[in-house]
Each structure stands twice: as structure tokens, then as C-alpha cells.
Amino acid sequence: MLLQSFSRAVQLLLSGNREVFFIAFTSLQLSSISILISSLISLPLGVLLGFKDFPGRRVIIIILNTMMSLPTVVIGLLVYSLISRSGPLGGMGLLFSRGAIIIGQTLLSLPIIISLVYGAISRIDRRLPETLTTLGAQPGDIFIMTLKEGKTAILSALLAGFGRVIGEVGISMMLGGNIRWYTRTLTTAITLETSKGEFELALALGLILLVISFVVNLILHWLVKDER
């Protein structure tokens, strides 16, 4: 039975089913945009935490580490309370839209990327900024050089964040509504099709998600190996 379902799922993929690949593209698109936005926020904050000592730094690090294990449904609930009709941002019409999913996934990936970038920066010689400053480097130059110094670990952090958001289901379901041809992602589609008894379609979507996860982990493995 399982082999037969697997065979039908592969046939469905090979047939070039339009809806299946639209769902896959939607997941990749939303996850990529979320990680791009998250990286613009996370990289400066991660570098700041890695190199600067300031009051409350340890508390921030503890909070970030705690948020890394926060269930996706909790983040979805928090964002939902903000963008629902009765929420403070209800007038923006974000609920059950792609923008809502991006907001939720960005919040999900932020603590992960910040914490991993902080860990990467912490392993760099703390005298690097001072040395670059004495050589006449500007703050922007110091930031770029710091990123180059820890580029492998930082790229690993971004890929880890991407792997986290593309595999989540709570945020996409609560904030996107699983709307066909609009906000339906791989994980929400798998949940729906499984509940409907469409096991072959759910398995086909699962195979795509598995391939994406494999590629992400393959890149991570290559980066770590290259670093060594």
C-alpha cells in the first residue's frame, strides 16, 4: 500500500501537476522573502551582541535562546491578535494574506538567526574592530569585514533559519488561511490533503519538502566541511 502510494506520488510529480508546483513555489517564495527581511535585522544585531558589552546584554541573549524553541502556533497567535479585525493593525487588511505569513515567519526566524550569528561572531577575535579602526576603517567597513570573517557560520545561520520557516505549519495556517492558489504552502497543503484522504498528493508535496530540506542540509554540510 505504501509503495503504491509512493509510486503514484512520484507519477504526480513527473506529470508536472500545476497546482503542486505552484504550492512549492509559494513556499519557497514566502520563506526566501522572510529570511531576506530577517537577515537585514539579524546580522547587525548579531554582530552588536557579539562585539559590544552593554547593560542587559545577557538578558537579551537568554530571551533569544528561549524564543528559539517557541512553538510556531504561539507566534501565529501573537501576530493574529495584532492583525485581526479587532487588533491594533486590523485596518491594514493583512490577515489571511501572504504578507501576514511573511511577518510571522520573519518573527520565527529572527531569534534563530540572531543567536547563531552571535555565536559565530563570538568566536572571532574581539580585537578585530579595534584593529580595523586603527587602520582607518569606517563602521560600515568594520561590519562588512566582520561578516566576511565569519561568512561560513553566518551563511549556515541563514540556511538554518530558512529550514525552520519552510517547514513550519502553525503560522502559515493561522495567518495565511491555506487559501488555494494564494497562501497555500507545502506544509498546510500536506495537512489539508491528509485530512481529506488524498494521501498520494500529500506524499508528493512531502517529497518536495523533503528534497528542499535535503538540499539545505547538503549546503550546510558543505559549508561546515569547507570551513574545516
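Residues numbered from 1 in each chain as written. Predicted model: local features only at pLDDT ≥ 70, side-chain atom pairs only at ≥ 80, totals over all residues. Heavy atoms only, no water.

Some points on the environment of threonine 134
For clarity, the threshold we go by: The helix and strand labels rest on DSSP assignments: H or I over at least four residues marks a helix, E over at least two residues marks a strand, and numbering proceeds from the N terminus. Only protein chains enter the accessibility calculation, which uses a 1.4 Å probe; a residue is then buried when its area is under 20% of its type maximum, exposed when over 50%, and partly exposed in between. In protein, a polar contact requires one atom able to donate a hydrogen and another able to accept it; more generally it is a pair of N or O atoms within 3.5 Å, and residues adjacent in sequence count only if both atoms are side-chain atoms.
Along the chain, threonine 134 falls in helix α6 (residues 128-134). The exposed category is assigned to threonine 134, whose relative accessible area is 66%. Within polar-contact distance, the side chain of threonine 134 engages the backbone oxygen of threonine 131 at 2.5 Å.

Regarding the nonpolar core
Inclusion rule: Here, the term nonpolar core denotes a set of buried Ala, Val, Leu, Ile, Met, Phe, Trp, Tyr and Cys residues that are joined through side-chain atoms within 4.5 Å. Should any heavy atoms of two residues lie within 4.5 Å, those residues are considered in contact.
Core analysis: the largest hydrophobic core is formed by 45 residues, its most contacted members being Ile83, Val117, Ile121, Ile154, Leu186, Ile208 and Ile212. With 9 residues, helix α11 (residues 199-227) is the single largest residue contributor to this core. Filtering out sequence-adjacent residues up to four positions away, isoleucine 121 remains in contact with Gly46, Val47, Gly50, Phe51, Thr146 and Ile154. Counting residues in hydrophobic clusters, the runner-up holds 5 residues, among them Leu49, Ile61, Leu64 and Leu110.

Remarks on a nonpolar patch on the surface
Heads up, the rule is: Like-charged residues are merged into a patch within 9 Å and nonpolar side chains (Val, Leu, Ile, Met, Phe, Trp, Tyr) within 5 Å, provided each residue has over 30% relative accessible area and no salt bridge. Accessible areas in this description were obtained via Shrake-Rupley with a 1.4 Å probe; residue shielding takes into account the shown protein chains only. Just to be clear on terms, a salt bridge is a Lys or Arg side-chain nitrogen sitting within 4 Å of an Asp or Glu carboxyl oxygen.
A surface patch of nonpolar side chains, amounting to about 590 Å² of accessible area, comprises Ile33, Leu36, Ile37, Leu40, Ile41, Leu45 and Leu48. Structurally, isoleucine 33 can be placed in helix α2 (residues 18-51). Isoleucine 33 gets classed as partly exposed once you look at its relative accessible area, which sits at 34%.

With respect to the environment of alanine 24
For alanine 24, the position within the fold is in helix α2. The exposure class of alanine 24 is buried, given its relative accessible area of 6%. Put simply, alanine 24 and leucine 205 are 181 residues apart on the chain and 7.7 Å apart in space, counted from C-alpha to C-alpha. Residues contacting alanine 24, with those up to four places away along its chain left out, are Leu186 and Ile208.

Topic: the packing of aromatic side chains
Quick reminder of the rule: Note on aromatic contacts: the rings of Phe and Tyr and the six-membered ring of Trp form a pair at centre separations within 6.5 Å, being stacked when their planes are under 30 degrees apart, edge-to-face when over 60 apart, and tilted otherwise.
Here the structure, examined in full by the defined rule, presents 1 aromatic pair. Residues phenylalanine 22 and tryptophan 181 carry aromatic rings whose centres are separated by 5.2 Å and whose planes lie at 55° to one another, so their mutual orientation is tilted. Residue phenylalanine 22 is found in helix α2, and its partner tryptophan 181 is found in the loop between α9 (170-176) and α10 (186-196); the two are separated by 159 residues along the sequence.

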